[in-house]
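As a plain string of letters, each chain reads:
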Amino acid sequence: TVARTAALKCLDFATTRCAPAAAVCIEKGSLALLFPIFMGKLKVVGEDKKKVRRHMEANKEEEEVRCVSIVSNLFVGIGSSLAVNQSVISTTVEESSHRERLVAKFVEKDGEKCRRLIEVMVVFAGRVASEEARILQIFDGDSEEMKDEVLLAKMDAGLFTVQQCALVLAELWASEDFALRRAIVTMLHEHELTLKYLETTLMAYVETLGEEGGGKS
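Residues numbered from 1 in each chain as written. Predicted model: local features only at pLDDT ≥ 70, side-chain atom pairs only at ≥ 80, totals over all residues. Heavy atoms only, no water.

Quick look at the packing of helix 8 (residues 159–174) against helix 9 (residues 178–190)
The contact between helix 8 and helix 9 brings their axes to 8 Å, and the two run at 145°. The segment helix 8 lies against helix 9, with L169, L172, W173 and A174 engaging L180, R181, I184 and V185. Class assignment of the residues belonging to the contact of helix 8 with helix 9 gives a composition of seven nonpolar, no polar and one charged. (Axes fitted to C-alpha atoms, helices over the stretch in contact; angles between N-to-C directions. Helix = DSSP H or I, 4+ residues; strand = E, 2+ residues; numbered from the N terminus. Contact = heavy atoms within 4.5 Å. Nonpolar A, V, L, I, M, F, W, Y, C, P; charged D, E, K, R; others polar.)

Description of the packing of helix 3 (residues 31–39) against helix 5 (residues 60–77)
Helix 5 packs onto helix 3 with a crossing angle of 140° between their chain directions and a minimal axis gap of 9 Å. For the element pair helix 3 / helix 5, the angle class is oblique. Here the hand of the crossing between helix 3 and helix 5 comes out left-handed. Each of L31, L34, F35, I37 and F38 in helix 3 lies in contact with helix 5, whose residues at this interface are E63, E64, C67, V68, I70, V71 and L74. Class assignment for the residues of the contact of helix 3 with helix 5 results in ten nonpolar, no polar and two charged. (Parallel < 35°, antiparallel > 145°, perpendicular 65-115°, else oblique. Left-handed = near helix turned anticlockwise from the far one by under 90°.)

A short note on the nonpolar core
By size, the foremost hydrophobic cluster in this structure holds 47 residues, and its most contacted members are L74, F106, M121 and L172. Residue assignment for this core shows that the elements contributing at least two residues are helix 2 (19–27), helix 3, helix 5, helix 6 (93–138), helix 8, helix 9 and helix 10 (195–213). Residue contributions to this core peak at eleven residues, all from helix 6. Core analysis: the second largest hydrophobic core is formed by five residues, I135, M146, V150 and A153 among them. (Core = buried A, V, L, I, M, F, W, Y, C linked by side-chain atoms within 4.5 Å. Buried < 20%, exposed > 50% of the residue type's maximum accessible area, 1.4 Å probe, protein only.)

Interpretation in functional terms is not warranted from these geometric data alone.
Following this line, the structure appears as structure tokens:
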């Protein structure tokens, strides 16, 4: 429904760089609703089911993007495992529990959510690559203007979603679940991708954050 899409947008905004909101989101059982939406498996209720299904199809991509963003926000909000100096991280028992619950969602049912996440990443990565190639055909040389145009075009094509998918996969890898790690590598290989692709994507993401926030993340 329209309300559901709007609710996802609000939740995405609320959990962005907000640890308390991320914790409450997990504690109140939001994952049980969030992931069925992401997987396209939420049951349709109401009298006009055909109308609801049409709306779901029309808003499927936006809801996928919002779900990816929210999950990324949750991992960051509960204390990211991705840090250069692990000794500076102080993880509480509560944060650890939240992380375990979040990671468990990607492990259950033969890792179907992990597979779906990679599929979404691949789709948007293809769009980003196509848009970059188009812009490069228009501009000659290596000017700052060209670099800005390329970045803006890539962002419009879904670069941020690709980066968020990579971030979530990196967080899953950092969970040190070796079965999950094997699954991630296998699923990436199915799309002719490797862990190096995730590393490159995340490095570009970090560089963008530094440019936009004056070095803050």
